[in-house]
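Here's the letter readout for the chains.
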Amino acid sequence: MPVHDISGSSRAITAGYISGPITLDPLDPAWTQTPETVVTLSRRIHETGAKMVAAGNENRRIKVKVVHNGTDIFFSHQWDESTPNVMVNDYSLFADALAMEIPLITETSSIWMGAMDKPVNIIYWRADLASPENIVGGGIGTTQISSDEKSQNIRHYQNWSNGVWNVIITRPMVAASQNQVSFVRGVTYRLALANWKGGNDAERGGNKIISDWQYLSIK
Amino acid sequence: MVFDLNKCIGCHTCAMACKTMWTDRDAGQMHMYWMNVETRPGTGYPNDWENQGGWFNADRNTIPLPNIYQGYGAPWEYNYKEVLKTEGGDTSVPQLVPSPKPSEHPYASNWDEDVGKGTFPNSYHFYLPRICNHCTDPACLEACPRQAVYKRNEDGIVLIDPKRCRGYRYCVKGCPYKKVYYNPEAKISQKCIFCYPRIEEHKGNFCATQCAGRISWIGYADDANSNAYKLINKWKIALRLHPEYKTEPNVFYIPPLSPPTYSFTGTVTNSPRIPIDMLAKMFGDTHDQNYDQRVTRMKQIFDILQNERNKVASGGSSELIDILISRSETDRIQV
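For chain A, an unreviewed UniProt entry supplies the name Cytochrome c-552/DMSO reductase-like haem-binding domain-containing protein and the organism Candidatus Brocadia carolinensis.

Below you can see the structure in the form of structure tokens.
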């Protein structure tokens, strides 16, 4: 894959390299050595007439840090949420969620869940799930949890305190199967984020806020 | 499928058959009755479902999602073990009592059984069994952004693919009959499957075969030899529940006859106890029929039923009455 010229771009995220083990812990010293990028999420979609995120609530910012040690890659996300929504155990309850989307086999794809000939790989975290899901999408309404167990190898840390969600997601850099992106040093990937506030008008599915494509460079 | 409301005795055998067959006591399915029987007039199940709206007949942004306890009711437990002394027993507990106490939790499925309306001697009620209508234009299917809901080509049964469903609950909102349920344990939506494994073996739905009143007929809409077809299209005595919801239900109801009311002075009137007005607001042929047309149809159906009954009462025969009596299961299950 070519390396994009992202010099000066506000949409550049750098995945720094740290030798040695990194723990799934917000206090791991690796994070202090990792630059932070603030990703703005402000795009809404309209899906089969379902409600969009209410206007006025569409501008969100997620603080992103990405670090790797050549074996595993770690994504840290922090965003404001005054009231966490962590349960889906009744009809009216929806949980806070976060997803990152990366084109799976092509350099770029449709930001709207990819396209049939240009699928995307999605890592989906939701506050009530035991672990984040590895998903493949080929367009709106087509996303599917990848059925091979090998690709469901994503671990996470989550914590909400003082009005802030902190979600760290980690995965081996090498794809476990064809349903995952491999993260290769020296390569830049397109990456988009999505955010759902479960308590805000039952955000789920297409009722969410997404970012534009960001550029993730693996150092 | 056709339900004859004149034959439904409100025994709930259908609901229990369905419950034990498909949802039982599984966690997450306790509150679900894919087949339920409610009393009319009444609030129905889930509570007040007729006022919640669906994908084609309401503002999609304001359709509410019920809560399990308030909307579907507590899963009552009774102190059988104590009273029946199956585990020792306790003579200080002489009667069955539900838990939670109804006084603390004033709603459950079939909550208003037999309450009805009207004052003696003109009080009235009837039973309304309800399954998924397996609509021709399923609002649940339309509402799902993931194509998790589909309608089978071979028999029109509407199903939710559990592997596609992500528990968004747009289908719950979308169905104006509130016949799609959310399983909070499995985190997906679920509904009546029209007993498709039984249908594939040419057996009837379990709710129908277990029905003590033999109130239902099952057949394909294009099979002119089936009794369901004859009741709907030939004799034209079966109507859709709330066709104004615009989903084209494929479950039909023969509306309930009722005895005439008594006047204040005790004489018999010409008005049935179950008001035509109430029935016309519930049942009709198509979504574009107006209220007056529905009233006319209701009276027409009652006339047809009365004429055919008179024929038989005077020693004649009637194909319609034979179908309605349905002496054999093969008269009712034609799939």
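Draft legend 1. Structural detail: the overall build of chain B. When its secondary structure is counted, chain B shows 11 helices and 16 strands. For 335 residues, the compact-globule estimate of 2.2 N^0.38 gives 20 Å, and chain B sits close to it at 21 Å. With respect to the principal axes defined by its C-alpha atoms, chain B has extents near 60 × 55 × 40 Å. Here chain B holds 335 residues, and the buried ones make up 42% of them. In chain B, of all internal contacts separated by at least 6 residues, the share reaching a separation of at least 24 is 62%.

Draft legend 2. A look at the overall build of chain A. Scanning chain A from terminus to terminus reveals 0 helices and 13 strands. Traced from its N-terminal end to its C-terminal end, chain A shows the element sequence β-β-β-β-β-β-β-β-β-β-β-β-β. Considering only intrachain contacts with a sequence separation of at least 6, the fraction spanning at least 24 residues in chain A is 63%.

Draft legend 3. Highlighting helix α10 (residues 291-313) of chain B. Residues and elements named next belong to chain B. Taking 1.5 Å as the rise per residue, α10 with 23 residues should run 33 Å; its terminal C-alpha atoms sit 33 Å apart, in good agreement. For α10, every residue scored as buried is listed here: R294, R297, M298, I301 and E308. Against α9 (276-282), β15 (283-284) and α11 (319-325) lie the buried residues of α10. Trailing α10 by a residue or two, G315 shows a phi angle of about 95 degrees, which is positive.

Draft legend 4. Layout of the sheet that holds strand β1 (residues 2-4) of chain B. Residue and element names in this part refer to chain B. Taken in spatial order, the 6 strands make up an open sheet running β15-β11-β12-β1-β10-β16, and their pairing is mixed. Since the sheet does not close on itself, it has two edges, and those belong to β15 and β16 (333-334), each with one partner. Examined bridge by bridge, β1 and strand β12 (residues 252-254) share 3 bridges and lie parallel to one another. Across the sheet, the residue bridging to V2 is F252, located in β12.

Draft legend 5. A look at the interface of chain B and chain A. If you look at the interface, chain B gives 20 residues, while chain A gives 14 residues. Residues that form the side of chain B that touches chain A fall into these classes: 10 nonpolar, 5 polar and 5 charged.

Draft legend 6. Summary view of the pairing of strand β10 (residues 216-219) of chain B. Residues and elements named next belong to chain B. Neither face of β10 is exposed, since S216 and I218 on one face and W217 and G219 on the opposite face are all buried. In terms of strand pairing, β1 meets β10 through 2 bridges, oriented antiparallel. Its bridge partner lying in β10, F3 is registered against S216.

Draft legend 7. The nonpolar core, seen in detail. Membership of the largest hydrophobic core comes to 78 residues, with the highest contact counts inside it found for V2, M35, C140, C171, L231 and A238 of chain B. Among residues more than four places away in sequence, those in contact with C171 of chain B are C140, A143, C144, V149, V180 and S189 of chain B.

Draft legend 8. Examining the environment of A74 of chain B more closely. All names here are of chain B. Structurally, the position occupied by A74 is in the loop between α2 (68-72) and β3 (77-78). We classify A74 as buried; it has 21 C-beta atoms within 10 Å. Counting along the chain gives 27 residues from A74 to K101, while the straight-line C-alpha distance between them is 9.8 Å. The residues touching A74, leaving out its near neighbours within four places in the chain, are Y69, P100, H105 and A108.

Draft legend 9. The confidence of the model for chain B, seen in detail. Counting all residues, the mean pLDDT for chain B is 94, and 98% of those residues have values of 70 or more. Quick note on the complex model: pTM equals 0.93, ipTM equals 0.91.

Draft legend 10. Fine view of the environment of G44 of chain B. Structurally, G44 of chain B is set in the loop between β2 (36-40) and α2. Separated by 66 residues in the primary sequence, G44 of chain B and N110 of chain B have C-alpha atoms spaced 6.8 Å apart.

Draft legend 11. Seen up close, the pairing of strand β6 (residues 120-126) of chain A. Residue and element names in this part refer to chain A. Of all the 7 residues making up β6, 7 are buried; the element is thus mostly covered by neighbouring parts of the structure. Going residue by residue along β6, you find V120, I122, Y124 and R126 tucked away on one face and N121, I123 and W125 tucked away on the opposite face as well. Both strand β5 (residues 97-103) and β6 contribute to a ladder of 7 bridges, which runs antiparallel. In the sheet register, L98 faces β6, and the bridge partner there is W125. Between β6 and strand β7 (residues 133-137), which pair antiparallel and follow one another directly, the connecting turn spans 6 residues.

Draft legend 12. Structural view of unusual backbone geometry. The linkage connecting R40 of chain B with the following residue, P41 of chain B, adopts the cis geometry, with an omega of 0 degrees. Within the secondary structure, P41 of chain B sits in the loop between β2 and α2. With omega at 0 degrees, the peptide bond leading from S99 of chain B into P100 of chain B counts as cis. Within the secondary structure, P100 of chain B is located in the loop between β4 (98-99) and β5 (126-130). The residue M113 of chain A is not glycine, and still its phi comes out positive at about 65 degrees. Looking at where M113 of chain A falls in the secondary structure, it is placed in the loop between β5 and β6. Of note, D24 of chain B is a non-glycine position whose phi angle comes to about 45 degrees, a positive value. Residue placement: D24 of chain B occurs in the loop between α1 (13-23) and β2.

Draft legend 13. Seen up close, the environment of G10 of chain B. All names here are of chain B. Here G10 lies in the loop between β1 and α1. For G10, a count of 17 C-beta atoms within 10 Å gives the class partly exposed. Counting along the chain gives 117 residues from G10 to Y127, while the straight-line C-alpha distance between them is 5.7 Å.

Draft legend 14. Just helix α8 (residues 227-234) of chain B, in detail. Residue and element names in this part refer to chain B. A large share of α8 lies buried, amounting to 6 of its 8 residues. All of the buried residues along α8 are N227, A228, Y229, K230, L231 and I232. Buried-residue contacts for α8 involve β1, β10, β12, α11 and β16. Of the residues flanking the end of α8, it is K236, one or two places downstream, whose phi is positive at about 50 degrees.

Reading guide: rules and limits
Residues numbered from 1 in each chain as written. Chains lettered and ligands numbered in written order. Predicted model: local features only at pLDDT ≥ 70, side-chain atom pairs only at ≥ 80, totals over all residues. Helix = DSSP H or I, 4+ residues; strand = E, 2+ residues; numbered from the N terminus. Rg over C-alpha atoms; globule rule 2.2 N^0.38 Å. Buried ≥ 20, exposed ≤ 12 C-beta atoms within 10 Å, placed from the backbone. Contact = placed C-beta atoms within 7 Å. Expected span 1.5 Å × (residues − 1). Pairing = 2+ DSSP bridges. Nonpolar A, V, L, I, M, F, W, Y, C, P; charged D, E, K, R; others polar. Core = buried A, V, L, I, M, F, W, Y, C linked by C-beta atoms within 7 Å. pLDDT = per-residue confidence, 0-100.

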